[in-house]
Amino acid sequence: MAEGAAEVSAQSGGGGDPGAVEPERGVAPIKPQYLTTKEQFHEFLEAKGQKPSQESEAVDPAGNDLTEPEAKRIRLEDGQTEDGQAEEAAETGEQLQAQKRARGQNKCRPHVKPTHYDKNKLCPSLVQESAARCFYGDRCRFLHDVGHYLETKPADLGPSCVLFETFGRCPYGVTCRFAGAHLGPEGQNLVREGLVQVPPVRNGLDKALQQQLRKRKIHFKRAEQALRQLNRGPLPGPTSEATVPEGREAEGAPEQDNCDIQLAPQEPDAVGPPSGPLRTCGPLTDEDVVRLRPHEKRRLDISGKLYLAPLTTCGNLPFRRICKRFGADVTCGEMAVCTNLLQGQTSEWALLKRHPCEDIFGVQLEGAFPDTMTKCAELLNRTIEVDFVDINVGCPIDLVFKKGGGCALMNRLAKFQQIVRGMNQVLDVPLTVKLRTGVQERVNLAHRLLPDLRAWGAALVTLHGRSREQRYTKLADWQYIEQCVAAAHPMPLFGNGDVLSYEDANRALQTGVAGVMIARGALLKPWLFTEIKEQRHWDISSSERLDILRDFTHYGLEHWGSDTQGVEKTRRFLLEWLSFLCRYVPVGLLERLPQRINERPPYYLGRDYLETLMASQKAADWIRISEMLLGPVPSNFVFLPKHKANAYK
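Keep in mind that this is a model prediction, so the values were computed, not measured.

Calculation rules
Residues numbered from 1 in each chain as written. Predicted model: local features only at pLDDT ≥ 70, side-chain atom pairs only at ≥ 80, totals over all residues. Heavy atoms only, no water. Axes fitted to C-alpha atoms, helices over the stretch in contact; angles between N-to-C directions. Helix = DSSP H or I, 4+ residues; strand = E, 2+ residues; numbered from the N terminus. Parallel < 35°, antiparallel > 145°, perpendicular 65-115°, else oblique. Left-handed = near helix turned anticlockwise from the far one by under 90°. Contact = heavy atoms within 4.5 Å. Nonpolar A, V, L, I, M, F, W, Y, C, P; charged D, E, K, R; others polar. Buried < 20%, exposed > 50% of the residue type's maximum accessible area, 1.4 Å probe, protein only. Polar contact = N/O pair within 3.5 Å; in protein donor to acceptor, adjacent residues only side chain to side chain. UniProt positions renumbered as here; feature names shortened; annotations may be inferred. 1 Å grid on protein atoms, 1.4 Å probe; cavity = no way out; pocket = protein on both sides within 12 Å on 5 of 7 lines; lining within 4 Å. Points joined across faces, edges and corners; volume = space filled by probe spheres on them. Pairing = 2+ DSSP bridges. Salt bridge = Lys/Arg side-chain N within 4 Å of Asp/Glu carboxyl O. Phe/Tyr/Trp six-rings, centres within 6.5 Å; stacked < 30°, edge-to-face > 60°. Lys NZ or Arg CZ within 6 Å of the ring centre and 35° of its normal. Patch = residues over 30% accessible without salt bridge, like charges linked within 9 Å, V, L, I, M, F, W, Y side chains within 5 Å. Areas by Shrake-Rupley, 256 points an atom, 1.4 Å probe, with all protein chains shown as cover. Right-handed = clockwise from strand over helix to strand, strands pointing away.

Caption draft 1: Region of interest: the packing of helix 14 (residues 370-383) against helix 16 (residues 413-426). Helix 16 packs onto helix 14 with a crossing angle of 20 degrees between their chain directions and a minimal axis gap of 9 Å. Viewed along their axes, helix 14 and helix 16 adopt a mutual orientation that is roughly parallel. The element helix 14 and its partner helix 16 pack so that their crossing is right-handed. Counting all contacts with helix 14, which are made through Pro370, Met373, Thr374, Ala377, Glu378 and Asn381, the residues of helix 16 involved are Lys415, Gln418, Ile419, Gly422, Met423 and Val426. A breakdown of the residues in the contact of helix 14 with helix 16 according to their chemical character gives six nonpolar, four polar and two charged.

Listed below in structure tokens is the structure:
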């Protein structure tokens, strides 16, 4: 296959003397024998690896340049309009300007929860094989006829169920898309008695806690005391009735009629005894009197370790398991919005889940105001198991920035200080901060903030070497990160930006940072952690990469479920990840090592068909890869990735 690919490349003009053509700037330097054209690349994939036709299609008999895309040729023809069509040409120009302004993030992505899952859905009381009758009775909108459900259910996607093989029992029963592996002759759900175990994921949302959050019955005692100290006055708003539950306790106890006198906690910098008394409700406990001093807090010692960045959308639990397997030392959950957590939203709490393989794990919070961030910190301190809590001060997207969160906190120092101090007082675990160099491109702010963050109580800071305006354009400024190391001392500073090889990691460590955070590099090649630890380039084969994707789908089915909804969710997250994986260029194809993160791959034919398919940047080809792992897509499947150019319907 490789010989055929190289032969096709030579016929397309990609071969020749390696020194004859200078490599284009911003393009990965691939060996000439693998280079090809866009047309022959897609023709090769459509032909399932067979040699494409050798006939040239550059010019048709009418003289049109067929190398231009169809839409562009239409625009070129429309540009040669008569005077009577000037208005139409002007409208076309306005549309092009609007498209140019809206490029980048796909703003047309649907944000509503899909409803087609509810059609012909079996009642949960039957799925869970509950002995009790359905609570809703005749008013239930789901099916209660198992026979009718099985008639309309699509065919199974495979012969074996991951949940049944791993945990001894599939909780999705007849709704599982691999149900044939664990259904008996009469449709009963089989169980392997010796293997039955509960999925070991931690930090789930308890139903009792969710009900209290939705009814606003949680009383954040420590947060309110910390905020009073910061504001030098009582906090506005009504006082709630219940206290934050410890772990998974039942709903709060009834109100206490008597109020005891409790000493107010000391200010963080105070040395003497507590000042005046503060009237609070409830019994006096040791926790109210004996507080952790700053030096008694649990320490976060991760210097020299490889830190997987919190990645929105792609940094989910199955992906973190993949990275842990390849050597990531520290993992962090996706960015969670504090207001959504305080409202008890299930989808937001799902971002906090932790797998047992994540031995050093933290969560990242985003918010704009001290009260919500401090209360959320107290809530998480009591209800989940984490090793640290991170504040997001680096998110550049408009939705967050315009509300005062993310990068906007760098320009709101008063609120930023109150958030860090307040969260630090209510947390028993270390508090960390992730920020960028600044908001504007040539106005660096991080070096001024680092000494303040150290004084406010931050245990560690991660600095991404770009400003908000840069987003991910240009290269990360590691020289500036080196200057910030001295400003942060003795607080450890992690560096982040453009690490895609062990050479990049070595150069980053030479700046004096305590460690390296890896973000997009892990999305392009999750085995990067192994390369850094073993100080080598790994020429990984396409079959090994497919095995990694297969493991991801298995982890995804464990995490999101093996029913129709869980399979589609696993597929969507797989496709989002493939939109990054396609930018990886195999080591054996490069003229110069290593590949740089700002170099886009040209069209090339890999050493086998699968390697070429994985290099495609079309969503339809990503769908084809997902069908190798999860079976065919349904007829109504729509995939709208974050990048507009790759929509699939």
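Caption draft 2: The arrangement of the side chain of Asp621 in detail. Locating Asp621 in the fold gives a position in helix 25 (residues 619-630). Look at Asp621 and you get buried, because its relative accessible area is 3%. A polar contact is formed between the side chain of Asp621 and the side chain of Arg624, at a distance of 3.0 Å.

Caption draft 3: Expanded view of the UniProt feature "zinc finger region: C3H1-type" (unreviewed entry) in the protein. Per the UniProt annotation, the sites labelled "zinc finger region: C3H1-type" (unreviewed entry) are residues 117-147 and 160-185. In this annotation, residues 160-185 is assigned 23% helix and 0% strand; the end-to-end C-alpha distance for the span is 16 Å.

Caption draft 4: Highlighting empty space enclosed by the protein. For the structure shown, the criterion picks out two cavities of 30 Å³ or more. The computed volume of the largest cavity comes to approximately 100 Å³. Forming the boundary of the largest cavity are Pro526, Trp527, Arg545, Ile548, Leu549, Trp577, Leu578, Leu581, Cys582, Met614, Trp622 and Ile625. Counted by class, the lining of the largest cavity contains eleven nonpolar, no polar and one charged residues. Its volume calculated, the second largest cavity comes out at about 60 Å³. Lining the second largest cavity, in full, are Leu500, Lys525, Glu531, His537, Tyr584, Val585, Val587, Leu590, Leu593, Pro594 and Gln595. Along the lines of polarity and charge, the residues of the lining of the second largest cavity split into seven nonpolar, two polar and two charged.

Caption draft 5: Main features of the sheet that holds strand 6 (residues 331-337). Read across the open sheet, the eight strands follow the order 5-12-11-10-9-8-7-6; overall the sheet is parallel. Two strands close off the open sheet at either side, each with one partner strand: strand 5 (306-308) and strand 6. Across the sheet, the mean angle separating the axes of adjacent strands is 25 degrees when strand polarity is ignored. The pairing of strand 5 with strand 12 (residues 515-518) spans three bridges and is parallel. Looking across to strand 12, one finds that Leu308 is bridged to Ile518. Of the strands in this sheet, strand 5, strand 6 and strand 7 (361-366) are in contact with helix 11 (residues 317-325), which crosses strand 6 at around 160 degrees. Against the sheet, helix 18 (residues 478-488) touches strand 10 (460-464) and strand 11 (493-496), its axis set at about 170 degrees to strand 11.

Caption draft 6: Local environment of the pattern of salt bridges. Inspection of the entire model under this criterion finds 24 salt bridges. Of the charged contacts in the structure, one is a salt bridge between Glu531 and Lys525, with a shortest N-O distance of 2.9 Å. This pair shows no difference in class: Glu531 is buried, exactly as Lys525 is. One continuous salt-bridge network, built from bridges that share partners, spans Glu46, Asp621 and Arg624.

Caption draft 7: The arrangement of helix 11 in detail. With eight of nine residues buried, helix 11 lies mostly within the body of the structure. Among all positions of helix 11, only Leu317, Pro318, Phe319, Arg320, Arg321, Ile322, Cys323 and Lys324 are buried. In the segment just after helix 11, Gly327 is the residue with positive phi, at about 120 degrees.

Caption draft 8: Broad picture of the packing of aromatic side chains. Overall, the coordinates contain ten aromatic pairs when judged by the stated rule. Considering the side-chain rings of Phe44 and Tyr609, the 6.5 Å spacing of their centres and the 45 degrees angle between planes classify their relative orientation as tilted. A residue pair is termed long-range when its members are at least 10 positions apart, and Phe44 in helix 2 (residues 38-46) and Tyr609 in helix 24 (residues 609-614) qualify at 565 residues. The pair Phe44 / Tyr609 is uniform in exposure class, with both members buried. The interplanar angle of 80 degrees and the centroid separation of 5.2 Å between the aromatic rings of Phe319 and Trp577 together place this pair among those described as edge-to-face. Here Phe319 is found in helix 11, whereas its partner Trp577 is found in helix 23 (residues 564-581), with 258 residues between them in sequence. A single burial state applies to Phe319 and to Trp577, both of which are buried. By the ring-pair criterion, three or more aromatic residues cluster together here, those being Tyr307, Phe388 and Phe494. For Arg321, the ring lying beneath its charged end belongs to Tyr555, and the centroid distance is 3.8 Å. For Arg468, the ring lying beneath its charged end belongs to Phe401, and the centroid distance is 3.8 Å.

Caption draft 9: Representation of a nonpolar patch on the surface. Taken together, the side chains of Leu126, Val146 and Leu150 make up a nonpolar region of the molecular surface, amounting to roughly 200 Å² of accessible area. The class of Leu126 is partly exposed, set by a relative accessible area of 32%.

Caption draft 10: Summary view of the pairing of strand 10. Across the five residues of strand 10, five count as buried, placing the element largely inside the fold. What joins strand 10 to strand 11 is helix 18, and the crossover it makes is right-handed.

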